[in-house]
There are 2 protein chains.
Amino acid sequence: MLVVKKFGGTSVANKERIYNVANRCIEEYKKGNDVVVVLSAMGKYTDELIEKAQDINENPPKREMDMLLTIGEQMSVSLMAMAMAKLGVPAVSLNGFQVAMHTTSVYGNARLKRIDCERIKNELEQRKIVIVTGFQGINKYDDYTTLGRGGSDTTAVALAAALHADKCEIYTDVDGVYTADPRKVKSARKINEITYDEMLELATLGAGVLHNRSVELAKKYGVELVVRSSLNTNEGTVVKEGKKMEKMIVSGVASDSDAARVAVVGLKDEPGVAFKLFNALAKNNINVDMILQSVGRHGTKDISFTCSSLDADDAARIINDSMEFESIDVNKEVSKVSIVGAGMQSNAGVAAKMFEALYDANINIRQISTSEIRVTVLIDAKNTERAMNAIHDKFDLGEN
Amino acid sequence: MLVVKKFGGTSVANKERIYNVANRCIEEYKKGNDVVVVLSAMGKYTDELIEKAQDINENPPKREMDMLLTIGEQMSVSLMAMAMAKLGVPAVSLNGFQVAMHTTSVYGNARLKRIDCERIKNELEQRKIVIVTGFQGINKYDDYTTLGRGGSDTTAVALAAALHADKCEIYTDVDGVYTADPRKVKSARKINEITYDEMLELATLGAGVLHNRSVELAKKYGVELVVRSSLNTNEGTVVKEGKKMEKMIVSGVASDSDAARVAVVGLKDEPGVAFKLFNALAKNNINVDMILQSVGRHGTKDISFTCSSLDADDAARIINDSMEFESIDVNKEVSKVSIVGAGMQSNAGVAAKMFEALYDANINIRQISTSEIRVTVLIDAKNTERAMNAIHDKFDLGEN
């Protein structure tokens, strides 16, 4: 069996943790399995490197930024190989050039295009544990690129797909995927199995366990993912194609308090207004969500939407520069609360049940958006935890 | 004109120094010249990385050690490119894969075999300053290697040779090559010109300014070297083929207090004893120097030699295990003092003059060795500075 194991920065933050990871990988190896390990940079090292760069140039060229950041993973993988050697197991570390990990050209946010597996296969054939730098790749100019946030998850899934691995385990500091954030909802329960689509909705909603690009990739290539803790041996959550899960209507509740709501009042009521507005935002790389359009007074219309609170002020400025309207309002004190579940598609009344939970808790809904397997409401940020608990209880998610 | 400039770790130890180097390179660039910059790791960063490795595994695999150490130079070059960008000059950093720097396979002490210049030439044609990682290369397995002590000097000279550069400037924290170490000999004077061979003898003697492999390489390819300070604009020392320098008999005095003397008394007086002894040392990678063999009492012979004081105890142990003899003595309180000069070859009495200086200073000579352009004496370590000054004065080296 070929297993790809990915460990994040906290899992390799110091000597003790590096040895913990080394031992876990060796345990797998000693079962006779082939083991490929993907690592992130140690602890907060990437942040330290960013600081170093900022100190030299507050707006460094992105190509050079990637040249600098890739050293973080190279440090992790070489130290890990040394730890495994100390434990008597042959291991070899490989960076983006050595694998090689071919990506698109965009520095800081590249996409993986193609992975050469020859070197890895050769090393595995010699019964070595292969330790690969996550997050990084090389583009057609032979320059280092990085894959953006959550990049190491993507590296692991892509490697698992390219190597036709039997399993891809994503190790993190929680036990798996939960029905809700356990820090916010006490009765939250670990989910044993979840579909790619559900996981995608949760990832997009900022549940934080897996990056959505890695889930998309896993879905595309049918890579079975396991999300589990690097600190204990609990079973974790399996992410795979949905079949047996129909009976479960709602699998989890997620919240995103990084949201802001922008409301534009008194736009002209004529064709092309929405296009003009959202095109201006898209050109500036601002992602929007939960768009709502309503008829205003005197032949005008109002448009509101949500975006990341980091982008909200930029969004308002761009709209100011490109549109005519009466007034604009930015509210960063909002949050999105969502229920996700593959079973929703064939079950009427799920949304109504969620709204009922919020009504019972006397929480006002400002905006609503839905997908086939998700219902999201926008509420005041201060009510987030109360809303999550109310919904969690309403759907009995704490019970197996 | 194409100029290769090499800066050591102290020259890029912090933000201020990085900008100092960036400005010096930009000055050259703005004259219309092509500039290739070779950098070492910042300050003591390589030592920090070695410590990190030792903490994980006190005897790390050399391949992984090189994988770890190469990140030091990658950090320097990317930060330098960021500094130049901030100063408005296009620059690009390149590592051992990107150049590419092909070396032999030996990790930790590889030799450069071949440098691909295409990428560098392309970048220079686009009028960019090219910043290259010193010290590192890749072997036939596409693994990182490092070039050993003084490796960045070697990288710079090799690049200058491969690119047919007009000049190779080695920047350091002293003004150039001196007739003696200015910290030990007050009247020491900077040498304006020196031959490759003289520089080689000085480098081998631990004068510390240039590594001897880089001087050998410069001699082989006729690369004109300039050794100068990164902290001021003084002229420095030019190292080139010797022609006009015949009149100068002795160009400098050097000392090496890292020496130890090992004396083996009462070896059997039969053929093959010296071979057996030095073969045992060579097998254990112990370099020896200043070998002296004399006839002992009762049909025995004595052999003494010098080696690095770090190796002395190992040497004694190895000899103990492989030879029969009466007694062995290790003395670490010795130092080597040498005079170097291309003019010696055709001048009788140079050695005698050196011995006279030591006699006048009442300093006992324990052992002597000579090459065509060098005379070395072994003396008690406590007399080192007094001996250097006496010799320096005797040859009037302080005068132009």
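Reference entry: report on the structure contained in this document. On a predicted model such as this, the values are computed, not experimentally measured, just so you know.

**What about the relation of the copies chain B and chain A?**
Thought 1: Laying chain B over chain A is done by rotating through 179 degrees and shifting 0.1 Å along the axis; what remains is an RMSD of 0.3 Å. With respect to symmetry, the two chain copies, as superposed, fit the operation of a two-fold axis. Among all C-alpha atoms of chain B, that of Ile71(B) lies closest to the rotation axis, at 2.8 Å.
Thought 2: Most of the interface of chain B is mirrored in chain A, where 100% of its interface residues again form contacts.

**Describing helix H1 (residues 15-30) of chain A**
Residues and elements named next belong to chain A.
Thought 1: In this model H1 runs 22 Å from its N-terminal to its C-terminal C-alpha over 16 residues, within 8% of the 22 Å that 1.5 Å per residue would give.
Thought 2: Taken as a whole, H1 has its buried residues at Ile 18, Tyr 19, Val 21, Ala 22, Arg 24, Cys 25, Ile 26, Glu 28 and Tyr 29.
Thought 3: Among the residues of H1, the N-terminal cap falls to Asn 14, whose side-chain oxygen and the backbone nitrogen of Glu 16 are separated by 3.2 Å.
Thought 4: One or two positions beyond H1, positive phi appears at Gly 32, with a value near 95 degrees.

**Overview of helix H11 (residues 350-360) of chain A**
Residues and elements named next belong to chain A.
Thought 1: All buried positions along H11 are accounted for by Val 350, Met 354, Ala 357 and Leu 358. Looking straight down H11, one finds that the buried residues subtend no more than 95 degrees of arc, so they occupy a single side. For H11, exposure combined with an orientation more than 90 degrees from the buried face picks out Tyr 359 and Asp 360.
Thought 2: As for H11, its buried residues are in contact with strand S18 (334-340), strand S20 (374-380) and helix H12 (384-394).
Thought 3: Once H11 finishes, Asn 362 follows within two positions and takes phi at roughly 60 degrees, a positive value.

**Brief notes about the sheet that holds strand S6 (residues 129-133) of chain A**
Residues and elements named next belong to chain A.
Thought 1: The eight strands are arranged S3-S6-S2-S1-S9-S11-S12-S10 in an open sheet whose pairing can be described as mixed. The two strands at the open ends of the sheet, each matched to only one other strand, are strand S3 (91-94) and strand S10 (193-195). Sheet twist, expressed as the mean angle between neighbouring strand axes with direction ignored, is 20 degrees.
Thought 2: Direction of pairing for strand S11 (residues 225-229) relative to strand S12 (residues 237-240): antiparallel, over a ladder of three bridges. Within S12, the residue paired with Leu 225 across the bridge is Val 239.
Thought 3: Docked against the sheet, H1 engages strand S1 (2-7), strand S2 (34-39), S6, strand S9 (167-172) and S11, running at close to 170 degrees with respect to S1.

**Observations concerning the pattern of salt bridges**
Thought 1: Per the stated rule, a full pass over the model turns up 52 salt bridges over all chains.
Thought 2: Residue Glu201(B) is joined to Arg374(B) by a salt bridge in which the shortest nitrogen-to-oxygen separation is 2.7 Å. Here Arg374(B) lies in strand S20 (residues 374-380) and Glu201(B) lies in helix H7 (residues 196-204), a separation of 173 residues in the sequence. Across this residue pair, the class does not change: Glu201(B) and Arg374(B) are buried.
Thought 3: Beyond isolated ion pairs, a larger network of salt bridges with shared partners links Arg63(A), Glu64(A), Asp143(A), Arg119(B), Glu123(B) and Lys128(B).

So, how was this worked out
Residues numbered from 1 in each chain as written. Chains lettered and ligands numbered in written order. Predicted model: local features only at pLDDT ≥ 70, side-chain atom pairs only at ≥ 80, totals over all residues. Heavy atoms only, no water. Least-squares fit on C-alpha atoms with pLDDT ≥ 70 in both. Contact = heavy atoms within 4.5 Å. Helix = DSSP H or I, 4+ residues; strand = E, 2+ residues; numbered from the N terminus. Expected span 1.5 Å × (residues − 1). Buried < 20%, exposed > 50% of the residue type's maximum accessible area, 1.4 Å probe, protein only. Polar contact = N/O pair within 3.5 Å; in protein donor to acceptor, adjacent residues only side chain to side chain. Arc of directions from axis to C-beta. Pairing = 2+ DSSP bridges. Axes fitted to C-alpha atoms, helices over the stretch in contact; angles between N-to-C directions. Salt bridge = Lys/Arg side-chain N within 4 Å of Asp/Glu carboxyl O.

Don't take any of this as a statement about function, it's just geometry.
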